[in-house]
Amino acid sequence: MFRILSCLLLLLSISCAALSAADEKPHAVFVVGTPHYNPAGTLPPLAKQLEETFGWKTTVIQSDANPEKSERGLPGLAALKDADVAIFFLRFLTLPPGQLKQIENYLESGKPVVTLRTSSHAFIYPEDHPLSAWNDGFGTRVVGTKYFIHGAGGTSVEKAIDAHEILTGVDLSKPRPAAGTLYLAKLPENATVLLRGTGKFKRTGTVTNRFGTHELKAEMTDDVAWTFTNEWGGRTFSTSLGHPRTFADPNWMRLFVNGIHWAAGMPVPAG
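Residues numbered from 1 in each chain as written. Predicted model: local features only at pLDDT ≥ 70, side-chain atom pairs only at ≥ 80, totals over all residues. Heavy atoms only, no water.

Caption draft 1: Summary view of the confidence of the model for the chain. Looking at the chain as a whole, its pLDDT mean stands at 92, while 92% of the residues score no less than 70. A low-confidence stretch, residues 4-22 (pLDDT under 50), is modelled with zero contacts involving residues beyond four sequence positions or located in other chains. (pLDDT = per-residue confidence, 0-100. Contact = heavy atoms within 4.5 Å.)

Caption draft 2: A look at the environment of Gly 73. With respect to the helices, strands and loops of the structure, Gly 73 is situated in the loop between strand 2 (57-61) and strand 3 (85-90). Take Gly 73: its relative accessible area is 1%, and that puts it in the buried class. (Helix = DSSP H or I, 4+ residues; strand = E, 2+ residues; numbered from the N terminus. Buried < 20%, exposed > 50% of the residue type's maximum accessible area, 1.4 Å probe, protein only.)

Caption draft 3: Local environment of the packing of helix 2 (residues 39-54) against helix 5 (residues 250-263). For the pair helix 2 and helix 5, the least separation of the axes is 11 Å and the interaxial angle reads 70 degrees. In this view, helix 2 runs roughly perpendicular relative to helix 5, as classed from their interaxial angle. For the pair helix 2 and helix 5, the crossing hand works out as right-handed. Side by side, helix 2 and helix 5 meet where Leu 46, Gln 49, Leu 50 and Phe 54 of the first sit next to Met 253, Phe 256, Val 257, Ile 260 and His 261 of the second. Grouping the amino acids of the contact of helix 2 with helix 5 by side-chain chemistry returns seven nonpolar, two polar and no charged. (Axes fitted to C-alpha atoms, helices over the stretch in contact; angles between N-to-C directions. Parallel < 35°, antiparallel > 145°, perpendicular 65-115°, else oblique. Left-handed = near helix turned anticlockwise from the far one by under 90°. Nonpolar A, V, L, I, M, F, W, Y, C, P; charged D, E, K, R; others polar.)

Caption draft 4: Inspection of the nonpolar core at higher detail. In this structure, Phe 30, Leu 46, Leu 195, Trp 252, Leu 255, Phe 256 and Ile 260 are the most contacted members of the largest nonpolar core, which totals 48 residues. Take this core: its biggest share by element is eight residues, from helix 5. With 33 residues, the next largest nonpolar core counts Val 31, Ala 79, Ala 191 and Trp 226 among its residues. (Core = buried A, V, L, I, M, F, W, Y, C linked by side-chain atoms within 4.5 Å.)

Caption draft 5: Expanded view of the sheet that holds strand 3. The strand order across the open sheet built from nine strands is 2-1-3-4-11-10-7-5-6, with neighbouring strands paired in mixed fashion. Lying at the two open borders of the sheet, with one neighbouring strand each, are strand 2 and strand 6 (176-178). Adjacent strand axes in the sheet meet at a mean angle of 20 degrees, parallel and antiparallel pairs treated alike. Relative to strand 2, strand 1 (residues 27-33) runs parallel, the two being bridged by five bridges. Note that in strand 2 the partner of His 27 across the bridge is Lys 57. Its contacts with the sheet place helix 2 against strand 1, strand 2, strand 3 and strand 4 (113-116), and it is angled at close to 175 degrees to strand 1. (Pairing = 2+ DSSP bridges.)

Caption draft 6: Focus on unusual backbone geometry. Phi angles above zero are rare outside glycine, and Phe 92 is one such case at about 50 degrees. Considering the arrangement of structural elements, one finds Phe 92 in the loop between strand 3 and helix 3 (97-108). Take Phe 92: its relative accessible area is 13%, and that puts it in the buried class. In this structure, Arg 117 takes a positive phi of about 45 degrees despite not being glycine. Looking at the element boundaries, Arg 117 is found in the loop between strand 4 and helix 4 (134-143). The class of Arg 117 is buried, set by a relative accessible area of 3%.

Caption draft 7: Examining helix 2 more closely. End to end, helix 2 covers 21 Å across 16 residues, agreeing with the expected 22 Å (1.5 Å per residue, within 8%). Along helix 2, the residues that are buried comprise Pro 39, Thr 42, Leu 43, Leu 46, Ala 47 and Leu 50. The buried residues of helix 2 all sit within an arc of 135 degrees when viewed along its axis, so they share a single face. In helix 2, the exposed residues that point more than 90 degrees away from the buried face are Glu 52 and Thr 53. (Expected span 1.5 Å × (residues − 1). Arc of directions from axis to C-beta.)

Caption draft 8: Structural context of helix 4. For helix 4, a buried count of seven out of ten residues is recorded, marking the element as mostly surrounded by other parts of the structure. Those residues of helix 4 that fall on the buried side of the exposure criterion are Trp 134, Asn 135, Gly 137, Phe 138, Gly 139, Val 142 and Val 143. Gly 144, located one to two residues past helix 4, shows a positive phi value of around 115 degrees.

Printed below as a string of structure tokens:
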């Protein structure tokens, strides 16, 4: 009887340890908020890699309709309550106030953030809407820069800093091509620039769009990946990279994986 009881206690102990280990898995929540650049096709495999290779728990929030046009917005944002890090790929959304509040609550918690590509122009509420401050505000307050304008063709990327954890294993021994146009940026003083990109512009001179007036040259260089601490104290990794073909390059995939680990305060994978 004693031996049976001892075995049961041992099995219970093992089960509890297994449950505890499962609970300790970092939880990454991916928020897919646009069909542009097909993050619905690229982020789920990235989430799968975090799970299968690195032992994370992941949740991918995406709509079965175009979230830029659907009144339903992005159902499922309640998952952010349990996130250890949130990865945003958003563009020109007008989410219902309750959904935006779930994103606000996450940001205000001071938890870490990763933003990709079009998240600098995440929202497009009408000018007289109570939430219109988020049109530029998500860019300046969360990403690190609002959207200004982008160039044409691809981007040639090089290191802006000799060494950083996020660049571990990323081959930048020479400038590396990245699919997707160069976005111009204006970063806060507390940003650490990791990568700069050089791209072409078809229009040159003084160019005005709805995001402002810009002085453009035929070729320009600007920041394309950086870290900073946002106004709520959240550790942030942001990049304007994120074209679908960047996910086909193991080096840029490594950059995204490293950035997520770093933002979450986890050791960056050695290999």
